[in-house]
Amino acid sequence: MHSKRISLWQVALLALSLGEAAQAVEWHLDAIWYQIFPERFSNGDIANDPVPASMKDTWPFVIPTAWQVSPWTSDWYQLQPWEQDEHDFYHHAQLRRYGGDLQGILDKLDYLKDLGVNALYLNPVFESPSLHKYGAACYHHVDKHYGPDPTGDLAIVATEDPADPATWKWTAADKLFLTLIEEVHRREMKIIIDRVFNHVGIPFWAFQRAKREGPKGRFAKWFRIDSWDDPATPEDEFVYHGWANVKGLPELRKDQNGPCTDAKEHMHHVVRRWMDPNGDGDPSDGIDGWRLDVTAEVPIGFWKEFRGWVKMINPDAYLAGEIWWEDYQNHELANAAPWLGVAFDGVMNYRFADAAFAFFHEPGTHGDGALFAKSLSKIHTDYGYDRSMVLQNLLDSHDVARVASVVMNPAARLDHSASVKHQPDYHISSPDAAGWRRLKQLAAFQFVLPGAPFVYYGTEAGMWGADDPDCRKPMVWPDLTYDSETAHPGGREVETSEVKFDLELHAFYRKLTQLRQKNPIWRRGSFKIVGKGEGWIAFERGYDGKRAVVVANATDAVLEISREMIGFGNGGWERHALVGGTTSILDLNTTTFEVGVREVEILSP
């Protein structure tokens, strides 16, 4: 009877959490996101660095005998001594480890606080042999090489039954992660972590048990098994389905309700473990939400159920889904509306990135203000304006080329062949002066539009890089001296690029975060297109009786704008050029005014 009462309470809470009339959570509106790829952010503890055995059973399924942790400050494309064989750079890049860990993130929290970001999104941190940690060995432990005692953690894990949450213990890596949560919260910041509930890694405990126990075993129904091994033969007939046909990522079996009941029960325990670690009903010691991978490939019914688990623990938690391509070949991005509100609070807003790149940058669509206005309005119409306010408006991530490389490669579309591997002439060096200005314009626009700005680690420091793996270079820090980039993955001549922390760009990003923090008009204000034309767009934001107009010039020439073009009346306006950094007073009794090359201007009464 007791369990039935709990179930009814869960149903009631779920209904409340899904209610369309619910008010937006304050911190979702105020968020300035910063994405961290843990293995590449900072090596705070060299004693816990990965070892060859930690990479067993992950692509490319070979560990060179002379393998070593790669030097943090080395030339990215320069092959290390252990990489001198017949394989190419892209083979070795997946074998590289640089030693980033939780201590490194802890050491840099004050840097992040000073930058002005207040919501951290970490790529997966759970135990996994893979570089990116999406191929999990388990969900209930942080990777041992992210913590201070890998050997001790192995001994602790060996005493557990991963199928029985009552036996789960806290490893040194787990405890350090709880310390990270505490320190993030002490700085009045939030933290969400990444997880994929569509596939696992080969070492995942339930997958290994399924293989060992056979088709009648308890875990056979968890996975998509095509054929089972016949113990009477010397061959191994065990064949399973890997997500996207990737052998290293065994896919979970799913029906219209998602994974099987037992698998979901395990996932529910995992959610509780990380959202309320001490189980006292107070979620303040846990993570503040989840970013969920390949969510379109898991039935939405599961995500509705997942949302109920999460909101029951912490109604203010943030759930971000990866809803990406509708038609990759034809470059059509998906409409995430069916998932928003009923499953996720927001999504990684690749539609914003695609529209911004098209307007500011790409041939054929560059400077088409009418098309850009239509794209922005379509997002707001599809999702509803209130929900659009908490989307993660990104320009780059771990899955696409860095924006500093995008601005130098206008012909490369979002997530499409943006690397030397696919386009031999792809520009892999640092941007030129014009490229940096284009980057600043994109970033400025990102911070004044509706939606939560999203910074990928190192973008603020001046990092560049093509699509995966180049977008996952080790973070550039001001206290380290880096080798210049002189090598090319195809063996071609390349201009030398000095690698260093870009103090001026970092200061520019700090200015943008302060702009958004100080004025709620950018976080909560209304939005209306007030002008558009070839090479430019203007929109108005309004909040609490105040208004501001933003004008963006996407061309490489000075743009002349008349007050009639943007619906202004007479009077004086403060004029702030974000890219150029100048402030002046504009008398709109005059007929026209000029907007500088690649400039974003804010006009305020």
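See the structure above.
The notes below deal with the structure included here.

**Things to note about the packing of aromatic side chains**
Right, on to step 1. A complete count under the given rule lists 52 aromatic pairs for this structure.
Right, on to step 2. Relative to phenylalanine 41, the ring of tyrosine 34 lies with its centre 6.1 Å away and its plane at 70°, an arrangement referred to as edge-to-face. Both residues of the pair, tyrosine 34 and phenylalanine 41, count as buried.
Right, on to step 3. The ring of phenylalanine 61 carries lysine 247 above its face, with NZ or CZ at 5.1 Å from the centroid.
Right, on to step 4. A cation over an aromatic ring shows up here: arginine 273 above the ring of tryptophan 274, its NZ or CZ 5.3 Å from the ring centre.

**What to know about the layout of surface pockets**
Right, on to step 1. Approximately 1,400 Å³ is the volume found for the largest pocket.
Right, on to step 2. Every residue lining the largest pocket is counted, 41 residues in all, and those nearest its centre are Trp243, Val246, Asp399, Asp468 and Arg472.
Right, on to step 3. Split by residue class, the lining of the largest pocket holds 19 nonpolar, 11 polar and 11 charged.

**Overview of the sheet that holds strand E12 (residues 346–347)**
Right, on to step 1. Pairing is parallel in the open sheet, where eight strands are placed in the order E12-E9-E8-E3-E2-E1-E14-E13. Single-partner strands in this sheet number two, and they are E12 and strand E13 (392–394).
Right, on to step 2. When strand E1 (residues 33–36) meets strand E2 (residues 119–122), the two strands line up parallel, connected through four bridges. Pairing of isoleucine 36 across the sheet is with leucine 122, part of E2.
Right, on to step 3. Across the sheet, helix H15 (residues 433–448) is in contact with E13 and strand E14 (452–456); its angle to E14 comes to roughly 145°.

**Considering the packing of H15 against helix H16 (residues 503–518)**
Right, on to step 1. For the pair H15 and H16, the least separation of the axes is 10 Å and the interaxial angle reads 15°. The orientation of H15 relative to H16 falls into the category roughly parallel. Of the two elements, H15 crosses H16, and the hand of that crossing is right-handed. For the pair formed by H15 and H16, the contact residues are Trp436, Leu439, Lys440, Ala443, Ala444, Phe447 and Val448 on the first element and Glu504, Leu505, Phe508, Tyr509, Leu512, Thr513, Leu515 and Arg516 on the second.
Right, on to step 2. Classifying every residue of the contact of H15 with H16 by side-chain character gives 11 nonpolar, one polar and three charged.

**Looking at the sheet that holds strand E15 (residues 526–533)**
To summarise the sheet geometry, strands pair through backbone hydrogen bonds and adopt either a parallel or an antiparallel arrangement.
Right, on to step 1. In spatial order, the strands read E15-E16-E17-E22-E19-E20; together these six strands make up an open sheet with antiparallel pairing. In the strand order of this sheet, the two ends are held by E15 and strand E20 (582–587), each with one partner. Sheet twist, expressed as the average angle between the axes of neighbouring strands with direction ignored, equals 25°.
Right, on to step 2. Where E15 and strand E16 (residues 536–543) come together, seven bridges link them in antiparallel fashion. In the strand pairing of E16, glycine 533 is matched with tryptophan 536.
Right, on to step 3. Strands in contact with helix H12 (residues 369–383) are E15 and E16; relative to E15, the strand with the most contacts, it is inclined by about 160°.

**Some points on the side chain of glutamine 392**
Right, on to step 1. Structurally, the position occupied by glutamine 392 is in strand E13.
Right, on to step 2. The exposure class assigned to glutamine 392 is buried, which follows from its relative accessible area of 0%.
Right, on to step 3. In this structure, glutamine 392 is in contact with Trp33, Ile192, Tyr318, Ala320, Val347, Met348, Asn349, Ala452 and Phe454, ignoring residues within four places of it in sequence.

**Quick notes on the environment of threonine 65**
Right, on to step 1. If you trace the backbone, threonine 65 turns up in the loop between E1 and helix H3 (89–93).
Right, on to step 2. Threonine 65 sits in the exposed class, given a relative accessible area of 88%.
Right, on to step 3. Spatially, the C-alpha atoms of threonine 65 and valine 600 are 53 Å apart, while their sequence positions differ by 535 residues.

**Topic: empty space enclosed by the protein**
Right, on to step 1. One pass over the full model with this rule turns up five cavities of 30 Å³ or more.
Right, on to step 2. By volume, the largest cavity amounts to about 140 Å³.
Right, on to step 3. Around the largest cavity, the lining is made up of 15 residues, and of these Lys473, Pro474, Val476, Glu485 and Val499 lie nearest the centre.
Right, on to step 4. Counted by class, the lining of the largest cavity contains eight nonpolar, two polar and five charged residues.

Reading the values: the criteria
- Residues numbered from 1 in each chain as written.
- Predicted model: local features only at pLDDT ≥ 70, side-chain atom pairs only at ≥ 80, totals over all residues.
- Heavy atoms only, no water.
- Phe/Tyr/Trp six-rings, centres within 6.5 Å; stacked < 30°, edge-to-face > 60°.
- Buried < 20%, exposed > 50% of the residue type's maximum accessible area, 1.4 Å probe, protein only.
- Lys NZ or Arg CZ within 6 Å of the ring centre and 35° of its normal.
- 1 Å grid on protein atoms, 1.4 Å probe; cavity = no way out; pocket = protein on both sides within 12 Å on 5 of 7 lines; lining within 4 Å.
- Points joined across faces, edges and corners; volume = space filled by probe spheres on them.
- Nonpolar A, V, L, I, M, F, W, Y, C, P; charged D, E, K, R; others polar.
- Pairing = 2+ DSSP bridges.
- Helix = DSSP H or I, 4+ residues; strand = E, 2+ residues; numbered from the N terminus.
- Contact = heavy atoms within 4.5 Å.
- Axes fitted to C-alpha atoms, helices over the stretch in contact; angles between N-to-C directions.
- Parallel < 35°, antiparallel > 145°, perpendicular 65-115°, else oblique.
- Left-handed = near helix turned anticlockwise from the far one by under 90°.

The values are spatial; any link to function lies outside them.
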